[in-house]
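Now for the letters of each chain:
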Amino acid sequence: MLGPVELVLAVALLIVVAMLVLVFLRGRSRTGSPGPSSPPRERVSLQPAEHDQRDTVGEFQPNARAESDALLAQTRTAAQREREKLLDTAREEAHREREELLDGARDAVERDRAAATLQAREHVDRETARMAEAVRSQSADLQRRDQRLSEREERLDADERRLGQRDEEVLAAEQTVLAARRAMEVRAHEHEAERERIAGLTAAEAKAELLESLQGQIRRESALLIRELEAEAREQGEQRARSIVVEAIQRIASEQTSESVVSVLHLPSDEMKGRIIGREGRNIRTYETVTGVNLIIDDTPEAVLLSCFDPVRREVGRLTLEKLVADGRIHPHRIEEVHERSKLEVEALCQRAGEDAVLEVGIGDVHPELVRLLGRLRYRTSYGQNVLKHLVETAHIAGIMAAELRMDPRPLKRAAFLHDIGKALTHEVEGSHAIIGADLARRYGEDEEVVHAIEAHHNEVLPQTVVAVLTQASDSCSGGRPGARRESLESYVKRLERIEEIASQRPGVDKVFAMQAGREIRVMVAPDQVDDVAAHLLAREVAKQIEDELTYPGQIRVTVVRESRATEIAH
């Protein structure tokens, strides 16, 4: 395509050529030309005519040249003026087109720059949020799992292989996160360079702007993410352990008898109290001396109390007094006679109870003396839980755990069944029942692995074997399940007071209520001081402090209540 200048020159050239052709044609029309039908003339007669014609042409050539030069000059002038006019027009059109193109280019550049900046910022925001969430998820998961494992390391060592697999998965996830982070860094550098080129911002300025825009949102979302990730980590990290423990507990359904150091004996009538006391109190003195049991006779109608720390001795005394009351003959010699028979009867009952427990658990080759001591635990309680039933229950739980872990259940059930054997002699021998029980087991030929599990079940000795750790776990499952044991009123009240004190110390807390026997705590907060996110953080901090400071069975639920009310009256 020709430009404006080339077009003007071509038009001028065409005009010049046309003028020259016109001049040539006019010159020919003046001189004339012979027609095709003119007859030929003689040669002699033609010479004058040719001479005249040459003279005419000679005279006409200067005039033609002058006219041609004048026309050429006029043509050049007209062409020059036309060219200048066309050049001016072309310049104006070119200037207008250039301005329009520049304006369009500027608008397009602005639009592209704004769109690219927005797209780059959104992409960087999404990538940053996603990677930050993934990193926080993995970090919180690892931190929470490490805390749980450190607390349960001694009791759940059997889960080490599963946790190793979990560690491999976490390592693979970390490598994936690192690779994604490197890719994100590369993309971030590219976006930063593009953004710097388009927007004229440096990387530091863009980073400051991005962090400023995300800072508030990340702060508020962190609390919600922590709570969700804790729940997820707890569910994933403890799923297998929970299934083992729950299955073991659910398969045990033993009755729990709540006993204390006092037994009540009902009498047929209040007249029997005088016969029990005897003349000048000789019968009651003889009874207490022979049996070693304190007999309490008060205003309770048709009932007396027998108090003794030794449960076997208290049972012998109860059986003795029951037979005396049924016989009606109560005197010192009769008391001694009935006491001897009752003592033999209780010993037989203890022997039978020990044999039945051994058969129920399914272990054999137990020394007879250990069987007799196990039978004595039938009359002993620990925090309201019958010790012999606790041993049977612990052995069953240990056997279920061993089966789940695909290990030999016999040594584990034996260690769990004998772990509290020392309680039968705790008032007769100095030392803790774990050390006493280990000495008894070693004396009567038990395996050293079983002996170690007995002496280590309360951490007097550091556990060194899987059997010792699982013995601790099964003991905790039996004794720590809800309803298995009871605690004293004083410790219960102190725990409730400490729970309420922990929650009351937090800023923004209005009222604190301990509910459901201390298994749930309701925290009422001021709505103008604590928002929804802070309420979740408050619940988490209170629960964490309760876990760190207090010892309690089961779990305690912390509920933070934040309520806002607006009231208006329509008149």
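Below or above, wherever it landed, is the structure these notes cover. (Residues numbered from 1 in each chain as written. Predicted model: local features only at pLDDT ≥ 70, side-chain atom pairs only at ≥ 80, totals over all residues. Heavy atoms only, no water.)

1. Some words on the overall build of the protein
A tally of regular secondary structure across the protein gives 17 helices and 8 strands. Sequence separation of at least 24 residues holds for 65% of the intrachain contacts in the protein that already meet a minimum separation of 6. As displayed, the protein offers around 35,400 Å² of accessible surface, 52% of which is attributable to carbon and sulfur atoms. (Helix = DSSP H or I, 4+ residues; strand = E, 2+ residues; numbered from the N terminus. Contact = heavy atoms within 4.5 Å. Areas by Shrake-Rupley, 256 points an atom, 1.4 Å probe, with all protein chains shown as cover.)

2. Examining the sheet that holds strand 1 (residues 262–266)
Overall, antiparallel pairing links the 3 strands, which are arranged 1-3-2 in an open sheet. Two strands lie at the open edges of the sheet, namely strand 1 and strand 2 (294–296), each paired on one side alone. When strand polarity is set aside, the average angle formed by the axes of neighbouring strands in this sheet is 25°. Examined bridge by bridge, strand 2 and strand 3 (residues 303–307) share 3 bridges and lie antiparallel to one another. Of the residues in strand 3, the one forming a bridge with Leu-295 is Leu-306. (Pairing = 2+ DSSP bridges. Axes fitted to C-alpha atoms, helices over the stretch in contact; angles between N-to-C directions.)

3. Observations regarding a negative patch on the surface
Residues Glu-92, Glu-93, Glu-97 and Glu-100 make up a contiguous surface patch of negative charge. Of the residues examined, Glu-93 reaches a relative accessible area of 38% and is grouped as partly exposed. (Patch = residues over 30% accessible without salt bridge, like charges linked within 9 Å, V, L, I, M, F, W, Y side chains within 5 Å. Salt bridge = Lys/Arg side-chain N within 4 Å of Asp/Glu carboxyl O. Lys, Arg positive; Asp, Glu negative; His and termini not counted. Charge placed at Lys NZ, Arg CZ, Asp CG, Glu CD. Buried < 20%, exposed > 50% of the residue type's maximum accessible area, 1.4 Å probe, protein only.)

4. Looking at the environment of Asn-294
Note that Asn-294 resides in strand 2. The residues contacting Asn-294, other than those within four sequence positions of it, are Glu-288, Leu-305, Leu-306 and Ser-307.

5. Some details on the environment of Val-542
Inspection of the secondary structure puts Val-542 in helix 17 (residues 532–549). As for Val-542 and Arg-506, which are separated by 36 residues in sequence, their C-alpha atoms are 8.4 Å apart.

6. Description of the sheet that holds strand 6 (residues 509–515)
The 3 strands lie next to each other as 6-7-8, forming an open sheet whose pairing is mixed. A single partner strand is all that each edge strand has here, and the edge strands are strand 6 and strand 8 (557–562). Direction aside, the axes of adjacent strands within the sheet are offset by 20° on average. Together, strand 6, strand 7 (520–525) and strand 8 form the strand contacts of helix 17, whose direction differs from that of strand 8 by roughly 155°.

7. Concerning a nonpolar patch on the surface
On the surface, a cluster of nonpolar side chains totalling about 490 Å² of accessible area is made up of Leu-13, Val-17, Val-21, Phe-24 and Leu-25. Within the secondary structure layout, Phe-24 lies in helix 1 (residues 4–31). Residue Phe-24 is classed as exposed on the basis of its relative accessible area, which comes to 52%.

8. Brief notes about helix 14 (residues 448–455)
Burial analysis of helix 14 places 6 of its 8 residues in the buried class, the great majority of the element. Those residues of helix 14 that sit buried are Val-450, Val-451, His-452, Ala-453, Ile-454 and Glu-455.

9. Looking at unusual backbone geometry
We note that Glu-280 has phi near 55°; this positive angle belongs to a residue other than glycine. Its location among the elements puts Glu-280 in the loop between helix 6 (271–277) and helix 7 (282–291). Taking relative accessible area as the criterion, Glu-280 reaches 71% and is therefore assigned exposed. Phi angles above zero are rare outside glycine, and Glu-302 is one such case at about 55°. Structurally, Glu-302 can be placed in the loop between strand 2 and strand 3.

10. Focus on the nonpolar core
As a rule of thumb, nonpolar side chains are buried together in soluble globular proteins. Counting 42 residues, the largest nonpolar core has Val-358, Leu-374, Leu-377, Phe-417 and Leu-440 as its most contacted members. Sort the elements by how many residues they give to this core and helix 11 (residues 387–404) lands first, with 9 residues. Not counting the four nearest positions on each side in its chain, Leu-377 is found in contact with Asn-386, Val-387, Leu-388, Leu-391, Asp-420, Ile-421, Lys-423 and Ala-424. In terms of nonpolar packing, the next biggest core, distinct from the first, is built from 18 residues, Ile-502, Val-509, Val-512 and Val-558 among them. (Core = buried A, V, L, I, M, F, W, Y, C linked by side-chain atoms within 4.5 Å.)

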